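Letter by letter, the chains look like this.
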Amino acid sequence: MNRVEISQKIIDTCIEMTRLGLNQGTAGNVSVRFDNGMLITPTGIPYEKLTPDHIVYVSEDGSFEEGKLPSSEWLFHLTCYQKRDDVNAVVHNHAINCSAVSILNKSIPAIHYMVAASGTTEIPCVPYATFGSNKLAQYVAEGIAQSKAILLQHHGLIAAEVNLEKALWLAHEVEVLAELYLKTLAVTPNVPALDDADMAIVLEKFKSYGLRVEK
């Protein structure tokens, strides 16, 4: 796809993210690896008003197009691509259940085998830092190296995958897991979880399981 087509897919993903109830207002942002950098949503423009011309190119050195302002979270998006060469799209949102779990400063353990969608046995929660800061990008770098989905304490969710379709799918799956976790936490503080042996089997099966879309 060319730049205009990718930019439109970014916009479509943003709108679908809102339709799925994963985001509110202008919160959240979406990017795609592109050339020697990435294309990312701009700051402060409602999704329904975006056009491909609004999407911002940010190079690998952090410079961006004159006259355009990328999302305030552009740095941790760039960090995701620098830390993982197996991901080409990043979705960030303030989904209600994921944000609630992040406020509790809890990682989501293997309460359900779908945790394996993250590529590991839990959805980690990285420490709080001010949005858009270098410190937050450092925490994201540590978390995303472990898992393709991470919670940001007192903030929200990041999901990174091979393409936009899979990144949005992963974000939605993690929101469902967060809701399950909150509901079970309301019953017991010691929520049962699958053990490492069970999850190892599931992780192996996930190599050929999940949303199937072309890269």
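Further up the page is the structure itself.
Predicted model, so just to flag it, every value in this text is computed and none were measured.

## Considerations on the packing of helix 2 (residues 74–83) against helix 4 (residues 134–146)
Where helix 2 contacts helix 4, the two axes come as close as 9 Å, and the packing angle between them is 35°. Taken as a pair, helix 2 and helix 4 cross one another with a handedness that is right-handed. Where helix 2 abuts helix 4, its residues Leu75, Phe76, Thr79, Cys80 and Lys83 lie against Asn134, Leu136, Ala137, Val140, Ala141, Ile144 and Ala145. Its residues placed into classes, the contact of helix 2 with helix 4 shows nine nonpolar, two polar and one charged.

## Some remarks on the packing of aromatic side chains
If you walk through the whole model with that rule in mind, you get two aromatic pairs. Measuring from ring centre to ring centre gives 6.2 Å for Phe34 and Tyr57, while their planes differ by 80°; the resulting arrangement is edge-to-face. Pair noted here: Phe34 is in strand 1 (residues 29–34) and Tyr57 is in strand 3 (residues 56–59), with a separation of 23 residues, a long-range link.

## Points about the nonpolar core
Counting 46 residues, the largest nonpolar core has Ile10, Ile108, Leu151 and Val174 as the members making the most contacts within it. Contributions of two or more residues to this core are made by helix 1 (3–19), strand 1, strand 4 (89–93), helix 3 (96–103), strand 6 (149–152), strand 7 (156–161), helix 5 (164–185) and helix 6 (196–205). The element contributing the most residues to this core is helix 5, with eleven residues. Residue contacts for Val174: discarding those within four places in its chain leaves Cys98, Ile108, Ile123, Ala149 and Leu157. Grouped together as the second largest cluster of nonpolar side chains are 22 residues, Cys80, Ala129, Leu136 and Ile144 included.

Rules used in this analysis
Residues numbered from 1 in each chain as written. Predicted model: local features only at pLDDT ≥ 70, side-chain atom pairs only at ≥ 80, totals over all residues. Heavy atoms only, no water. Axes fitted to C-alpha atoms, helices over the stretch in contact; angles between N-to-C directions. Helix = DSSP H or I, 4+ residues; strand = E, 2+ residues; numbered from the N terminus. Left-handed = near helix turned anticlockwise from the far one by under 90°. Contact = heavy atoms within 4.5 Å. Nonpolar A, V, L, I, M, F, W, Y, C, P; charged D, E, K, R; others polar. Phe/Tyr/Trp six-rings, centres within 6.5 Å; stacked < 30°, edge-to-face > 60°. Core = buried A, V, L, I, M, F, W, Y, C linked by side-chain atoms within 4.5 Å. Buried < 20%, exposed > 50% of the residue type's maximum accessible area, 1.4 Å probe, protein only.

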